[in-house]
Amino acid sequence: MNRETHMKIKATLIGISAVLALTAGLASFSGTAAADPKKPAVTSAATPAPAPADQRPVVKTTAGPNEPVVVSPSYTG
Amino acid sequence: MRTNLLRTAAAATLAFLLTGCVGSASSTARPEPASSVSSKIASVKGSRITVYKSKEGVAQRTITSPNDYGATRVFLVERDEGKWLQVLLPIRPNGSKGWIKATDVTLAETAYRVEIDRGAFRFTVYDGDRAVRSGKVATGEAGTPTPPGRYFFTELVKPVDQGGAYGAYAFGLSGFSPVLKSFAGGPGQLAIHGTNKPSAIGTRASHGCVRISNDDITWMAKNLAIGTPVVVQG
């Protein structure tokens, strides 16, 4: 193996190593952890006391159709 | 030669870096899906509810439940402030609002709303931003117009006389005729209902109510809840 070939292999390995290192670095920036940074811990002092269950209105997901009332209506027609 | 190789490796690395950054930037800038338009409907828990003129203010009036048709009293929520809800009221004058305590009601949500274009004699039912049903309507005559405004369904009625003027079903509205203070023994309440005169649909023919085909009102009865918002415009 002559000196020139040796240098070629060395340069190729350096390039591949640099690409791998940068790939790993980018993955750490664009991963789930980066997109959803850890929220700071909430101290108990800042946490509002939950309202009693009977004071919180219940929100159903969807209001559905109703059974009709059978009557003779008196709307304006 | 060595320099060339090093330059090639550096260029490849730079290209890879740029590609990654662009991809990362575009995924960050991707818009969130538009949230669907929904309304809150408040159903009265007890046999009556106190309505306030302002939050924690003086009681304005008491409204009973069920209503005169025997349906659970509902309100369309215009503003939700946690313990207090500002609601559209089914009283004169049209568009009246008041505040109720959230603890006095249960809340439900609907993505449906009904829009009525008087000028075009058309109704459209939206599910969020998507039109899911539309058709022709008859509106009030010149002397008894259908007033524009924001209303909600107060009850669903199946008329005893299925061949009568109200057709297959009628949804009472929270609004009233600006002209008729009483009608047929009632308080001049507006409604969207079917008809036994389908030929009049597409014209000004009613005393203020909105008439639609029996197929359309039957579809509404099977799909829409009382409390669903109705906007009359045009």
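Residues numbered from 1 in each chain as written. Chains lettered and ligands numbered in written order. Predicted model: local features only at pLDDT ≥ 70, side-chain atom pairs only at ≥ 80, totals over all residues.

Undergrad: Describe the overall build of chain A, with residues and values.
TA: In terms of regular secondary structure, chain A is built from 2 helices and 1 strand. Taken from the N to the C terminus, the helices and strands of chain A come in the order α-α-β. In chain A, which comprises 77 residues, the proportion classed as buried is 9%. (Helix = DSSP H or I, 4+ residues; strand = E, 2+ residues; numbered from the N terminus. Buried ≥ 20, exposed ≤ 12 C-beta atoms within 10 Å, placed from the backbone.)

Undergrad: Could you give an account of the overall build of chain B, naming the residues involved and the relevant values?
TA: When helices and strands are tallied, chain B shows 2 helices and 17 strands. Looking at chain B residue by residue over its 234 residues, the buried ones come to 37%.

Undergrad: Just give me the short version of the nonpolar core, but keep the residues and values in it.
TA: Residue and element names in this part refer to chain B. Grouped together as the largest cluster of nonpolar side chains are 53 residues, with contacts concentrated most on A42 and I100. Counting residues per element, this core draws most heavily on strand β12 (residues 149–159), at 5 residues. Apart from residues lying up to four places away in sequence, I100 is in contact with A42, I49, V51, F75, L85, V87 and V105. (Core = buried A, V, L, I, M, F, W, Y, C linked by C-beta atoms within 7 Å. Contact = placed C-beta atoms within 7 Å.)

Undergrad: Tell me about the pairing of β12(B), residues and numbers included.
TA: Counting buried positions along β12(B) yields 8 of 11 residues, so the element is predominantly enclosed. In the sheet, strand β1 (residues 69–71) of chain A pairs with β12(B) via 3 bridges, with the strands oriented parallel. Bridging across to β12(B), A:V70 finds its partner in B:K158. Note that β12(B) and strand β17 (residues 229–233) of chain B share 4 bridges and pair antiparallel. Its bridge partner being in β17(B), B:Y151 is matched across the sheet by B:V230. Of the strand pairs in this sheet, β12(B) and strand β13 (residues 170–176) of chain B are connected by 4 bridges, and their pairing is antiparallel. From the neighbouring strand, B:V157 faces β13(B), where its bridge partner is B:A170. (Pairing = 2+ DSSP bridges.)

Undergrad: Pulling in residues and values, what's your account of helix α2 (residues 214–223) of chain B?
TA: In an α-helix, one turn spans 3.6 residues; hence positions three or four apart end up facing the same way. Residue and element names in this part refer to chain B. Turning to α2, its buried residues number three or more, namely D216, I217, M220 and A221. Taken down its axis, α2 places every buried residue within 140 degrees of arc, on the same side. Turning to α2, the residues buried within the fold contact β10 (130–136), β12, β13 and β14 (189–193). (Arc of directions from axis to C-beta.)

Undergrad: Requested: an account of the confidence of the model for chain A, with residues and values cited.
TA: All names here are of chain A. On average, chain A scores 63 in pLDDT, and the residues at 70 or more come to 31%. Within chain A, no element has a lower average pLDDT than helix α2 (residues 32–35), which sits at 40, and none a higher one than β1, at 97. Note that residues 26–50 has pLDDT below 50 and, in this model, 4 contacts with residues that lie over four places away or in other chains. (pLDDT = per-residue confidence, 0-100.)

Undergrad: Before we move on, can you summarise the environment of B:K97 with the specific residues and values?
TA: Residue and element names in this part refer to chain B. Mapped onto the fold, K97 is located in strand β6 (residues 97–101). Overall, the presence of 15 C-beta atoms within 10 Å leaves K97 in the partly exposed class. In this structure the C-alpha to C-alpha distance between K97 and E78, which are 19 residues apart in sequence, comes to 8.5 Å.

Undergrad: Please set out unusual backbone geometry residue by residue, giving values where relevant.
TA: Residue and element names in this part refer to chain B. Each neighbour pair has its own omega, and for S65 with P66 the value is 0 degrees, a cis peptide bond. Here P66 lies in the loop between β3 (59–64) and β4 (74–81). In this structure, P93 follows R92 across a cis peptide bond, with omega equal to -10 degrees. Looking at the secondary structure, you find P93 in the loop between β5 (84–88) and β6.

Undergrad: Break down the confidence of the model for chain B for me, with residues and values.
TA: All names here are of chain B. On average, residues of chain B carry a pLDDT of 89, and 85% of them reach 70 or more. pLDDT under 50 marks residues 9–35. Its contacts with residues more than four places away, or in other chains, come to 15 contacts. Both scores are given for the predicted complex: the pTM is 0.71, the ipTM 0.81.

Undergrad: Lay out the environment of B:S96 with the relevant residues and their values.
TA: Residue and element names in this part refer to chain B. Note that S96 resides in the loop between β5 and β6. Counting along the chain gives 62 residues from S96 to K158, while the straight-line C-alpha distance between them is 27 Å. Setting aside its immediate chain neighbours within four residues, S96 contacts L89 and I91.

Undergrad: For the environment of B:I192, give the residues involved together with the corresponding values.
TA: Residue and element names in this part refer to chain B. Here I192 lies in strand β14. Overall, I192 belongs to the buried group, with 27 C-beta atoms counted inside 10 Å. Between the C-alpha atoms of I192 and S206, which are 14 residues apart in sequence, the distance is 11 Å. Those residues in contact with I192 that lie beyond four places of it in its chain are F171, L173, V210, I212 and I217.

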